[in-house]
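Residue-level structure breakdown
Listed below are the residues making up each chain.
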Amino acid sequence: MLRFRASQISELLKVAQDEGLNDFELREVEAVDVVCEEEKWNVTKEELREFDRIAPVDIARPKVWEAAAARDEFEVPKALGAVTYPAATHSTYKLITGLWQKLLERYPTTLHIETLTPAIQINVLDKSEPTEGCLQVLTPRGTIEATAVAHCTNSHTGHLVPGLRGKIFPVREQMTEQHFELSPKDSLRSTAFLWMKGFDYFIHRPETRERPGAILLGGALSQSGDDGFDEFGVPSDADRGLFIAAYLRGLLPTMYDPRRETKLVSSWTGIMGWSADLMPWVGRIPASLTGRDVSGVSEDVTGPVLEGEWLCAGYSGEGMTHAWGCGRALAAMMLGEGTTVKEWFPEEYGITEKRAEEADVRKLKELY
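**Some thoughts on the pattern of salt bridges**
Counted under the stated rule, the structure contains 27 salt bridges. Taken together, the shared-partner salt bridges connect Asp23, Glu25, Lys94, Arg205 and Arg211 into one network.

Following this line, the structure appears as structure tokens:
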């Protein structure tokens, strides 16, 4: 699992190079996790000892900074310690839209993007009737017959997969763009403040000819009601959490220097797909979870893609280290290459009835 997560930077670099995508702001940076609570620092050091014990030898070990060194290097006066390790940042929006544009140009007659077209219902087709697949997807603009359906709606998975309601669910989280004076070193870092309950994080977006530099700061989930659980199950990004917004507005001066002025440029929310066991769900969905069994209607359906319903979702806020590799794994599974996938993809991310039965959001609350 560690090796899979660590491989995402090189995977994205390779894709960008192969496809000639140079403008999605991919930068290798130093991740800095700053801790300002004594209990959290003790927990962090214990977790690092466990990491060092179990991690493969080819996985980079984090560097530990005790209080005095951390305060001096990272200019956080209340720091009790810090941890640094290699990381990367990029504009996911620019990467994905760039790839879609390339694919639309490459497959103009077979690939289509249908915006504002929600999938309302999925039916199993009658085997006695001639069809182009075993499944029918209903939309407001018509129906689609398909051999396979891939569910990639993340937080909204439960809409069409009733057996995963409460296993994958929406969580509203918040981001801001701010102007705040920091050390030049911070432009080469991805910084997080770790707390016993939750964490906050920011990156410095470099200045370009088109726009000024800025701090992109988010997190503060635990500042909402019920230690953040008020944001669980919220499917709409139309509004912002009051306490989270106020907290993020004042965080940087509080952590660095209250005499420095911060300017809020913008603030927004997004809906993440969280998993009840904090791991992604990737693979073929058992019929017991969809309520739709295609085993008796797919005998005469042939094609390069394996029949049925498939899923790739539930990154729990860690899509940067999961989404690309999970999507690659799902595509390979759907093409019948599941045996090869097992060589590099974590089996814990697979979808089984047993895992669905054990995944319980109440256990997640205990962890937080």
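**Here's the deal with the side chain of Ser275**
Structurally, Ser275 is set in strand E12 (residues 262-275). For Ser275, the contacting residues outside a window of four places in its chain are Lys167, Phe169, Trp281, Gly314, Ser316, Arg355 and Leu364.

**Topic: unusual backbone geometry**
Positive phi, close to 60 degrees, is recorded for Glu25, a residue that is not glycine. A positive phi angle is found at Ala220, which is not glycine, with a value near 65 degrees. In this fold, Ala220 is placed in the loop between strand E11 (214-219) and helix H6 (242-255). Overall, the relative accessible area of 1% leaves Ala220 in the buried class.

**Thoughts on the sheet that holds strand E4 (residues 121-124)**
In spatial order, the strands read E4-E5-E6; together these three strands make up an open sheet with antiparallel pairing. Only two strands of the sheet have a single partner each, and these edge strands are E4 and strand E6 (142-146). Between one strand axis and the next, the sheet turns by 25 degrees as a mean value, whatever way the strands run. Judged from the four bridges that link them, E4 and strand E5 (residues 135-139) form a sheet pairing that is antiparallel. When the sheet's bridge partners are listed, Gln121 is paired in E5 with Leu138.

About the thresholds
Residues numbered from 1 in each chain as written. Predicted model: local features only at pLDDT ≥ 70, side-chain atom pairs only at ≥ 80, totals over all residues. Heavy atoms only, no water. Salt bridge = Lys/Arg side-chain N within 4 Å of Asp/Glu carboxyl O. Helix = DSSP H or I, 4+ residues; strand = E, 2+ residues; numbered from the N terminus. Contact = heavy atoms within 4.5 Å. Buried < 20%, exposed > 50% of the residue type's maximum accessible area, 1.4 Å probe, protein only. Pairing = 2+ DSSP bridges. Axes fitted to C-alpha atoms, helices over the stretch in contact; angles between N-to-C directions.

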